[in-house]
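Survey of secondary and tertiary structure
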Amino acid sequence: MPEFKPLSRELMRMRLEPPAGRARVLIDTDTANEIDDQFALAWALLSPDRMEVEAVTAEPFSFSHHREELLKAERAIEDGNESPEQLVGGFQGWINRLHARGMRAADLEFAGTEEGMELSYREILRIYGKLGMDSSGRVYRGAGKYMQASDKPVESDAVDAIIDLSKSGDAPLYIAAMGCVTNIASALLKAPEISHRIVVIWTSAYPSTAPHCNRPSLNLVQDPHASRLIFDCGVPHVYLPGYHVGAQLKISRPEMREFVKGRGEIGDYLWHLYVNNPLHEMFAIGDTSRRTWVIWDIIDIAWLINPDWVPTFLTSAPILDESLFWKRDPSRHLMREGHDVQRDEIFRDLYDKLGELRTVAS
């Protein structure tokens, strides 16, 4: 790993304060992974008073790391030898739902990382199109694979875009990370000096004080090398845990019908995604009309629009160990961490901005 020059404590505190005025923003997203990134990206693009979205970069994603774990858990359940270690991540419920549909773990097909990135790239363009916005020169393909070692960046157009934008302008670049952080970590490895020019806002995993293994977090577990680098390199970092902070950002079918459907092309598309959620099929989830769905990734955008909606505090950056548990060391550099959300205020703002599209369309 290259040597990262630490920020002074004064500069770190300044970087970790919410942006004053309109922020320069780059969104790094696995947009085709499920449906939350589309909400987040649309909301950001509909909030030009709070941010200028200068670029959007596509992240790799894949659920294929679940395959062996799922097969192992299925065998354990059928042999009567299941244990908490084998069933971590909700595998028992997942397997039971698959079996109820006459399916087995081996029947599932998972997209690879390069395909996931390409699908996300196309989905970003689709969101721009649904909003009637020009994406020219703003959308970039990212890594087609995860980092294979802590000092081995993965080259991509996204990495170069992150570096170029970080070095431009007078104000820092806020990077809203909504998936694995391969692109961002690779940019930091390639150009360590940008750690003084960016602020990484990332949602993933458990609070840094939690005793739990972070393996259930897709955003963190996909690329552990990249995840560790974000916590270790000293880059200003606003860490917004998914469990169980972002997990409060649930939306129901009646709300979707009342406040999202019919709000321009983007509203109709978000409604389509909600009622045709690809993860419902993958995870064999039934009775979907009476279930809510977590729109995790809007937490990044919520903090940028109004930090009061995502209460945070300053703390020392934790160590992510080899088993993906947190270790605390109060002597480490500062980061900002979220501990709650104002769920209703966040969705009200999103609904209001989508509602303006219906007014324009009518």
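Residue positions within a chain follow its written sequence, with the count starting from 1. Per-residue local features are limited, in this predicted model, to residues with pLDDT of at least 70; the limit for side-chain atom pairs, both in listing and counting, is 80 or more; totals at the level of whole chains, interfaces and linings are taken over all residues. With hydrogens and water stripped out, all remaining heavy atoms of the structure feed into the side-chain values.

Let's talk about the layout of surface pockets
Regions of empty space are outlined by a rolling probe, equal in size to a water molecule, passed over the atoms. Spelled out, the test is: Method remark: on a 1 Å grid restricted to protein atoms, a set of points is classed as a cavity if a 1.4 Å probe fits but cannot get out and as a pocket if it is open with protein on both sides within 12 Å along at least five of seven lines; lining residues have an atom within 4 Å of a point. Grid points are joined across faces, edges and corners, and a volume is the space filled by probe spheres set on the points. Note on conventions: DSSP H or I runs of at least 4 residues are helices, E runs of at least 2 residues are strands, and numbering of each starts at the N terminus. We call Asp, Glu, Lys and Arg charged. Ala, Val, Leu, Ile, Met, Phe, Trp, Tyr, Cys and Pro are nonpolar, and the rest, Gly among them, are polar.
Quantified by volume, the largest pocket comes out at close to 1100 Å³. What lines the largest pocket is a set of 38 residues, among which Glu34, Pro216, Tyr243, Phe283 and Trp296 lie closest to the centre. In terms of residue count, helix H4 (residues 91–100) provides more of the lining of the largest pocket than any other element does, four residues in total. By residue class, the composition of the lining of the largest pocket is 17 nonpolar, 13 polar and eight charged. In this structure, the second largest pocket occupies an estimated 360 Å³ of space. Within the residue set of the lining of the second largest pocket, elements represented by two or more residues are helix H5 (113–130), helix H11 (264–275) and helix H12 (278–282). Of all the elements, H5 adds the most residues to the lining of the second largest pocket, at five residues. Grouping the amino acids of the lining of the second largest pocket by side-chain chemistry returns 11 nonpolar, three polar and seven charged.

Section: the environment of Leu314
Rules: When accessible area is computed with a 1.4 Å probe and restricted to protein chains, residues below 20% of their type maximum are described as buried, those above 50% as exposed, and intermediate ones as partly exposed. The contact criterion used throughout is that any non-hydrogen atoms of two residues lie within 4.5 Å.
Take Leu314: it is sitting in strand S9 (residues 312–316). Taking the relative accessible area as the measure of exposure, Leu314 reaches 28% and is therefore partly exposed. Spatially, the C-alpha atom of Leu314 lies 9.1 Å from that of Gly338, the residues being 24 residues apart in sequence. In this structure, Leu314 is in contact with Arg13, Leu16, Met335 and Arg336, ignoring residues within four places of it in sequence.

Things to note about the environment of His212
Here His212 is to be found in the loop between strand S5 (198–204) and helix H8 (218–221). In sequence terms His212 and Arg15 are 197 residues apart; their C-alpha atoms lie 29 Å from each other. Residue contacts for His212: discarding those within four places in its chain leaves Tyr206, Leu324 and Phe325.

Side note on empty space enclosed by the protein
By the definition in use, this model includes one cavity of 30 Å³ or more. Within this model, the largest cavity holds a volume of roughly 60 Å³. Here the lining of the largest cavity is composed, by residue class, of three nonpolar, three polar and two charged.

Brief notes about the packing of helix H2 (residues 36–45) against H5
What counts, and what does not: Axes, fitted as lines to C-alpha atoms, cover a helix only where it is in contact. Angles between the N-to-C directions of the axes lie from 0 to 180 degrees. The labels follow the angle: roughly parallel below 35 degrees, roughly antiparallel above 145, roughly perpendicular from 65 to 115, and oblique for the rest. For any helix crossing, the convention is left-handed if the near helix is rotated counterclockwise from the far helix by under a right angle, and right-handed if that rotation is clockwise.
Two elements in contact, H2 and H5, have axes whose closest approach is 10 Å; the angle formed by their N-to-C orientations is 45°. In terms of orientation, H2 and H5 fall into the oblique class. Our pair here, H2 against H5, has a crossing hand that is right-handed. When H2 is examined against H5, the residues Gln38, Leu41, Ala42 and Leu45 are found in contact with a partner set consisting of Glu123, Ile124, Ile127 and Tyr128.

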